[in-house]
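Per-entry structural report
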Amino acid sequence: EKLKRVTRLVKIKLIAEIFGVDHGLFSRMQFMHDGQTVERKQVPLRKLVWLTVTDAALKDSTEVFLDENCKYTENWRSACKKTLEERLGLSLAWQTQHLVGGTGGFW
């Protein structure tokens, strides 16, 4: 048997239309733990939290873990909302009132 490591990420593409022009939210500079800085365009992202997985589920087909709506991880929609609240300070009430889903969006 081969050991596989599965990490599930959700990336958030946040676009604001300001005076008819689309603006995307990116982190341009990241500060590393060792004091170094890295410049790059990074969208907000979060690792999805794994829920309790039984031994029987682990022996199951690996395809179930690759599904977009995997039942063994937190819901990606709630993870997006938590990320916007924790990382950007946007309350759930504010998100509900102001955010609108675009193509493939969910608000």
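Residues numbered from 1 in each chain as written. Predicted model: local features only at pLDDT ≥ 70, side-chain atom pairs only at ≥ 80, totals over all residues. Heavy atoms only, no water.

Section: the overall build of the protein
From N to C terminus, the protein includes four helices and six strands. Listing the helices and strands of the protein from first to last along the sequence gives β-β-β-β-β-β-α-α-α-α. Counting every position in the protein, which comprises 107 residues, the buried fraction comes to 21%. Across the protein, the fraction of contacts at a sequence separation of at least 24, relative to all contacts at a separation of at least 6, is 46%. (Helix = DSSP H or I, 4+ residues; strand = E, 2+ residues; numbered from the N terminus. Buried < 20%, exposed > 50% of the residue type's maximum accessible area, 1.4 Å probe, protein only. Contact = heavy atoms within 4.5 Å.)

Observations concerning the packing of aromatic side chains
Each aromatic ring pair is characterised by the separation of its centres together with the angle its planes make. According to the stated counting rule, one finds zero aromatic pairs in the structure shown. Lying across the ring of F26, K41 places its NZ or CZ 4.6 Å from the centre. (Phe/Tyr/Trp six-rings, centres within 6.5 Å; stacked < 30°, edge-to-face > 60°. Lys NZ or Arg CZ within 6 Å of the ring centre and 35° of its normal.)

Quick notes on the pairing of strand β3 (residues 21–24)
Here strand β2 (residues 15–18) pairs with β3 via four bridges, running antiparallel. Bridge pairing in β3 links I18 to V21. Between β2 and the antiparallel strand that follows it, β3, lie two residues; F19 among them carries a positive phi value of about 50 degrees. (Pairing = 2+ DSSP bridges.)

Section: the pairing of strand β5 (residues 37–42)
Where strand β4 (residues 27–31) and β5 come together, four bridges link them in antiparallel fashion. When the bridges of β5 are listed, Q30 appears paired with V38.

Section: unusual backbone geometry
Despite not being glycine, F19 shows a phi value in the positive range, around 50 degrees. Structurally, F19 can be placed in the loop between β2 and β3. Here F19 falls in the exposed class, since its relative accessible area comes to 84%.

Looking at the nonpolar core
Core analysis: the largest hydrophobic core is formed by nine residues, namely V10, I12, L48, W76, A79, C80, L84, L90 and L99. For this core, the element with the highest residue contribution is helix α3 (residues 76–88), accounting for four residues. When neighbours within four sequence positions are excluded, A79 is seen to be in contact with V10, R46, L48 and E74. (Core = buried A, V, L, I, M, F, W, Y, C linked by side-chain atoms within 4.5 Å.)

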